[in-house]
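Results of the structural survey
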Amino acid sequence: LKAVVCDWATIDAVHSHTSQTSHRQVTVAVAAATTAAVTIIIIIVAAMLEVLDKHYLGLSAIFTVGMQLTFFFIAYSLQIDKVTDLAGSSNFVLLAVFTLVAHDTYYTRQVVVTALVCVWGLRLGGFLVYRVFSRGHDARFDDMRARFWAFLGFWIYQILWVWIVSLPVTLLNSAPMDRDLTVQDYIGWALWFVGFVVQVLADHTKLAFNADPANKNTVLRKNVWFYSRHPNYFGEIAMWTGIFLSSSAVYGVAGNSTWWWIAIISPCFTFFLLMFVSGVPLAEQRYNRRFKDDPVWAEYKATTSPLIPMPPALYALFNSGDKKTR
């Protein structure tokens, strides 16, 4: 292999394009063969687990790994990133629908929560796919798209994200016992609705704002962005918290296990990722670089809530002890 790599390095520019094309074709062939093998293994193991895995945790993990790796091979082989968000959001929808249909109980709570996950996934997935096609590429992957292990690392992260955050609905749909709807369900659904509305407004306001060339170097402070610096992330956290609240209404009830409360990791994981890892921190760093000398951005940071939408005057009361600009 080392000799082959050295030989490739000596090929002149006339033959470089042909060599790269051939190499890409080999990569695609290997990816296709690997994907086929993974699919066969998943089918076999899934058949074995159908009887053993009564809560669908193993089956959902296997399905998620198989689906994400399949999309990874496609994305890496073709050097595209237009399928990344589609793979993530559609995985949520498929898991929710599969667990509902597989358990075949169709309690009202199960149907409603599954529908909420589907609406969230289809809306967000459609929006993100439209956005990446409009832009032509996803800048997040510019530094890793051609690096196998770095790119694979992102997809492994996406596997964990899908499986962990789906836990509430996965366990709910496997529940052998149900109970009447409670105030907890209605609070959860109301919270989901608020989060959905806020996220939709945030996404489409920002999309329209960025589409106007006149706003190229302007801080977005319109609509829900006037009340929160990251309303889209607030919406995401609110929706998954609402899904957990409704789902957990059956945890530990009658024949349902109390260990299902571990699903609280779903909204906690979502909050942690968006607030401290990949959401707010990266967005703030990007805006700090872009508007570092803009007093409007400094004033916006000092007077606007980083997450929970609220009037600037109210945020000033909470933020009165902090005079430093975040």
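The present account deals with the structure reproduced in this document. (Residues numbered from 1 in each chain as written. Predicted model: local features only at pLDDT ≥ 70, side-chain atom pairs only at ≥ 80, totals over all residues. Heavy atoms only, no water.)

1. Some details on the overall build of the protein chain
Where we set the bar: Helix and strand definitions follow DSSP, with helices as H or I runs of at least four residues and strands as E runs of at least two, each counted in order from the N terminus. Categorising residues by exposure relies on relative accessible area from a 1.4 Å probe, with only protein chains included: less than 20% of the type maximum marks a residue as buried, more than 50% marks it as exposed, and the intermediate range marks it as partly exposed. Contacts are residue-level and defined by heavy atoms, with any inter-residue pair within 4.5 Å sufficient. Using a 1.4 Å probe, accessible areas were evaluated by the Shrake-Rupley method; residue-level cover was limited to the displayed protein chains.
The helix and strand tally for the protein chain stands at 13 helices and zero strands. From first element to last, N terminus to C terminus, the protein chain shows the α and β order α-α-α-α-α-α-α-α-α-α-α-α-α. Of all 326 residues assigned to the protein chain, the portion counted as buried reaches 44%. Put simply, of all contacts in the protein chain between residues at least 6 apart along the chain, 78% involve residues at least 24 apart. With the model as given, the accessible surface of the protein chain reaches about 17000 Å², and the carbon-plus-sulfur share is 70%.

2. Brief notes about unusual backbone geometry
The backbone of Gln-79 shows a phi angle near 55 degrees, a positive value even though the residue is not glycine. Residue placement: Gln-79 occurs in the loop between helix H3 (57-78) and helix H4 (84-103). The class of Gln-79 is partly exposed, set by a relative accessible area of 23%. The phi dihedral of Asn-223 falls on the positive side, at around 55 degrees, and the residue is not glycine. Mapped onto the fold, Asn-223 is located in the loop between helix H8 (183-211) and helix H9 (231-247). Classification of Asn-223 as partly exposed rests on a relative accessible area of 40%.

3. What to know about the pattern of salt bridges
Here is the rule: Salt-bridge detection follows one rule: a side-chain nitrogen of Lys or Arg within 4 Å of a carboxyl oxygen of Asp or Glu.
One pass over the full model with this rule turns up six salt bridges. One salt bridge in this structure joins Asp-81 and Arg-145, with 2.5 Å as the shortest N-O distance. Remark: Arg-145 occurs in the loop between helix H5 (108-135) and helix H6 (148-165) and Asp-81 occurs in the loop between H3 and H4; sequence separation between them is 64 residues. Accessibility expressed as a relative area gives 3% for Asp-81, which makes it buried. If you follow the salt bridges from partner to partner, you end up with Arg-109, Asp-178 and Asp-185 in one network.

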